[in-house]
Amino acid sequence: GAVVSQHPSRVICKSGTSVKIECRSLDFQATTMFWYRQFPKQSLMLMATSNEGSKATYEQGVEKDKFLINHASLTLSTLTVTSAHPEDSSFYICSARSGSDNEQYFGPGTRLTVT
Amino acid sequence: DAKTTQPPSMDCAEGRAANLPCNHSTISGNEYVYWYRQIHSQGPQYIIHGLKNNETNEMASLIITEDRKSSTLILPHATLRDTAVYYCIVRVARGNTGTASKLTFGTGTRLQVTL
């Protein structure tokens, strides 16, 4: 099946700094990528949808200036958490939709801890 | 997309069949039923999906009622590694624009497989 990778798998950063998370589709081209966030014991919440070469569409309540999404190629999307605070600590999961079969494939997630 | 209702938790003995129910009474004619699972601290894993016919693959079987208002995911011989949160999602697989609607996760069913 289609493989999606994320890097890093875990990151710890200090409050006020920025951190970038990469999402790659390894063996298919992803015209659309999705970013989810999951707090402990809660379900996945969609943050934003990005299409290659265009601006991301953010879900209600998600600050676009704080969570910067770049989808510059058909195999790479990045999420940058700017000026991170402890409440941004969460499990961030990306998903890529294949243009060939229209299905969504998920990455393994990135655990962000802001101290 | 239509909403789904699942029991919050279920237990199953190892080696027995796990039957996970899902209600989706407002499902539309062009919406598919998808099942994903999430093992602790990992990204969601696709299991199976269907429209109206029963489906089977190497992981599970999906039984959809004739009126399509509910479905059951069956893991025929549950193992300890099947312990996870199982999500039932209904979505349009290929809409007017030719693309699928995004996956929206509910609270799912936490399946605990025990010895």
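Residues numbered from 1 in each chain as written. Chains lettered and ligands numbered in written order. Predicted model: local features only at pLDDT ≥ 70, side-chain atom pairs only at ≥ 80, totals over all residues. Heavy atoms only, no water.

**Student:** Quick one: what's the story with the nonpolar core, residue by residue and with numbers?
**Tutor:** With 25 residues, the main nonpolar core has Val4, Trp35, Phe67, Leu79, Tyr92 and Leu112 of chain A as its most contacted residues. Mapped onto this core, the elements with two or more residues apiece are β2 (10–13), β3 (19–25), β4 (30–38), β5 (45–51), β7 (67–73), β8 (76–81), β9 (90–98) and β11 (110–114) of chain A. Not counting residues up to four positions away in its chain, the partners in contact with Leu79 of chain A are Val19, Lys20, Ile21, Trp35, Phe67, Leu68, Ile69 and Tyr92 of chain A. Within the second largest apolar cluster, 21 residues are counted, among which are Cys22, Val33, Ile47 and Ile64 of chain B. (Core = buried A, V, L, I, M, F, W, Y, C linked by side-chain atoms within 4.5 Å. Buried < 20%, exposed > 50% of the residue type's maximum accessible area, 1.4 Å probe, protein only. Helix = DSSP H or I, 4+ residues; strand = E, 2+ residues; numbered from the N terminus. Contact = heavy atoms within 4.5 Å.)

**Student:** Describe the environment of Thr32 of chain A, and please don't skip the residues or the numbers.
**Tutor:** Residue and element names in this part refer to chain A. Here Thr32 lies in strand β4. Taking the relative accessible area as the measure of exposure, Thr32 reaches 3% and is therefore buried. Considered as a pair, Thr32 and Asn51 are 19 residues apart in the sequence and their alpha carbons are 4.5 Å apart. When near neighbours in sequence (up to four residues on either side) are disregarded, Thr32 contacts Thr49, Ser50, Asn51, His71, Ser95, Ala96 and Arg97. At 2.7 Å, the side chain of Thr32 and the side chain of Asn51 are in polar contact. (Polar contact = N/O pair within 3.5 Å; in protein donor to acceptor, adjacent residues only side chain to side chain.)

**Student:** Before we move on, can you summarise the sheet that holds β7 of chain A with the specific residues and values?
**Tutor:** Residues and elements named next belong to chain A. If you trace the 4 strands from one edge of the open sheet to the other, you get β1-β3-β8-β7, paired in antiparallel fashion. Only two strands of the sheet have a single neighbouring strand rather than two, namely β1 (4–7) and β7. Between one strand axis and the next, the sheet turns by 15 degrees as a mean value, whatever way the strands run. Bridge analysis of β7 against β8 gives 5 bridges, and the strand direction is antiparallel. Bridged to Phe67 within β8 is Val81. (Pairing = 2+ DSSP bridges. Axes fitted to C-alpha atoms, helices over the stretch in contact; angles between N-to-C directions.)

**Student:** Which residues make up the environment of Tyr92 of chain A, and what are the values?
**Tutor:** Residues and elements named next belong to chain A. Mapped onto the secondary structure, Tyr92 falls in strand β9. Here the alpha-carbon distance between Tyr92 and Ile21, two residues 71 residues apart in the chain, equals 8.6 Å. Look past the residues within four positions of Tyr92 in its chain and what remains in contact with it is Gln6, Ile21, Tyr36, Arg37, Met47, Phe67, Leu79, Gly109, Thr110 and Leu112. One polar contact links the side chain of Tyr92 to the main-chain carbonyl oxygen of Asp88, over a distance of 2.7 Å.

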